[in-house]
Amino acid sequence: MRQVKDIDAFLKKLHYFDKKFKLFINQNNDHLIVEYPELCGIIDEYSSFIINHENEKQWNNLDQSIEILPLVENLRSNSSVCIQIMEKHRALVLSHENEGITDYFRNIEDCIEKEFGGFQITSQSKVLLVGSGPFPITLLMIADRTDAEVFGIDIDNEAVQLGKHVVNKFGSQLSIQIDNKTVRELPVIKQITHIIFSSTVSSKYDILDQLYDLTNKDVLIAMRYGNGLKSLFNYPMQEVDEYKWYITEKVMHPQSVFDVILYQKVQ
């Protein structure tokens with residue numbers, strides 16, 4: 001009986017988050033005032049919910065029914081849109097920003113440190129981030145700490161413009177280039193040594209498949225993903241063509257909203 005109550009409370013919380021995300025998205029779409037401190041609070045609450053091991057137990061006990069699957073899809077999609085709204089806001093108010101960094105951004109920063117496991121990025125590396133977003137903290141941190149040449153691409157042109165604005169403010173002296181391009185359109189793709197996929201890029205495994213023919217033989221791929229409870233925030237891991245890619249390492253982040261899997265080419 002206790003287990004049923006716990007699962008009911010868990011589902012109720014998921015519906016609560018879904019309702020909140022839809023509210024913020026509708027406000028944004030209708031050009032109404034979005035309460036950004038409240039939005040940041042919900043994102044932080046959602047992040048904490050996802051890395052809570054007690055909730056992982058409820059997830060495992062949950063029947064993956066026809067009812068729950070659309071809810072999971074909605075939460076994954078809507079939370080991603082809300083992250084974009086939050087990041088765009090943060091990029092826009094940079095010039096008079098003095099508020100503290102949210103738990104979500106701190107969570108991302110902590111993960112970047114361990115992104116490539118034992119594979120080092122050096123000043124000779126060329127790093128690409130697929131899905132760089134409007135607040136490209138990954139690019140800034142990598143360029144600043146390693147002096148590597150870094151590139152970001154995003155299909156959202158507004159995100160690209162805001163990303164450039166952020167880079168100009170925080171990293172104008174760094175080698176960072178952001179474009180509204182696909183991997184096929186990127187002139188330097190053959191020279192890229194490391195590629196990071198944002199966890200909220202829905203087509204990341206399709207893009208990975210394309211990269212086999214586009215990249216050099218030693219390229220290292222860091223795929224951010226989320227399985228289990230973390231799939232509420234990220235697209236989960238998928239099978240890859242075993243003749244093209246193999247897994248070199250899984251970098252698990254128990255206190256993060258995503259984990260990382262590293263791929264290299266089958267020679």
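Quick note: structure is the one above.
Calculation notes
- Position numbers for residues count from 1 along each chain, tracking the sequence in the order it is written.
- In view of the model being predicted, local features appear only for residues whose pLDDT reaches at least 70, and side-chain atom pairs are presented and counted only at 80 or more, with totals across whole chains, interfaces and linings using the full set of residues.
- The side-chain values count all of the structure's non-hydrogen atoms but skip hydrogen atoms and water molecules.
- Pairing of aromatic rings covers Phe, Tyr and the six-membered ring of Trp, with a centre-to-centre limit of 6.5 Å; geometry is then stacked below 30 degrees between planes, edge-to-face above 60, and tilted otherwise.
- Helix and strand definitions here come from DSSP, where helices need a minimum of 4 consecutive H or I residues and strands a minimum of 2 consecutive E residues; each element is numbered from the N-terminal end.
- Burial classification: accessible surface area is computed with a 1.4 Å probe over protein chains only, and a residue below 20% of its type maximum counts as buried, one above 50% as exposed, and the rest as partly exposed.
- Only buried residues count toward a nonpolar core, which is a set of Ala, Val, Leu, Ile, Met, Phe, Trp, Tyr and Cys residues joined through side-chain atoms within 4.5 Å.
- Contacts between residues were defined by any pair of non-hydrogen atoms, one from each residue, lying within 4.5 Å.
- Note: two strands are recorded as paired if DSSP finds a minimum of 2 bridges between them.
- The angle between two axes is taken between their N-to-C directions and runs from 0 to 180 degrees, where each axis is a line fitted to C-alpha atoms and a helix contributes only its stretch in contact.

Enquirer: I tried to follow the packing of aromatic side chains on my own but got confused; where do I start?
Expert: Think of a pair of aromatic rings as described by two things: how far the centres are apart, and how the planes are tilted against each other in angle. Evaluation of the coordinates by the stated rule reveals nine aromatic pairs. Between Phe17 and Tyr46 the ring centres are 4.9 Å apart and the planes differ by 65°, which places this aromatic pair in the edge-to-face class. Placement of the pair is Phe17 in helix H1 (residues 2-29) and Tyr46 in helix H2 (residues 36-50), with a sequence separation of 29 residues. Residue Phe17 is classed as buried on the basis of its relative accessible area, which comes to 0%. Ring geometry for Tyr212 against Trp245: centres 5.9 Å apart, planes inclined by 85°, an arrangement best described as edge-to-face. In this pair, Tyr212 is assigned in helix H8 (residues 204-214) and Trp245 in strand E6 (residues 245-251), connecting sequence segments 33 residues apart. Under the relative-accessibility criterion, Tyr212 is labelled partly exposed at 23%.

Enquirer: Mind showing me how you'd approach the nonpolar core here?
Expert: Across soluble globular proteins, nonpolar side chains have a tendency to be buried as a group. Counting 59 residues, the largest nonpolar core has Leu14, Ile176 and Leu232 as the members making the most contacts within it. Among the elements that line this core, the one with the most residues is helix H4 (residues 68-92), at nine residues. Residues in contact with Leu14, not counting those within four places in the same chain, are Phe49, Ile68, Leu71, Leu75 and Leu232. Listed in part, the 23 residues of the second largest apolar core include Leu128, Ile153, Tyr225 and Tyr263.

Enquirer: Looking at this structure, how should I read the sheet that holds strand E2 (residues 149-153)?
Expert: Sheet strands associate in pairs through backbone hydrogen bonding, adopting either a parallel or an antiparallel arrangement. Spatially, the seven strands line up as an open sheet ordered E3-E2-E1-E4-E5-E7-E6, and their pairing is mixed. Edge positions in the sheet fall to strand E3 (176-179) and E6, since each of these pairs with one other strand and no more. Strand-to-strand twist in this sheet, taken as the mean axis angle between neighbours without regard to direction, amounts to 20°. Inspection of the sheet shows strand E5 (residues 220-225) paired to strand E7 (residues 259-265) by six bridges, in the antiparallel sense.

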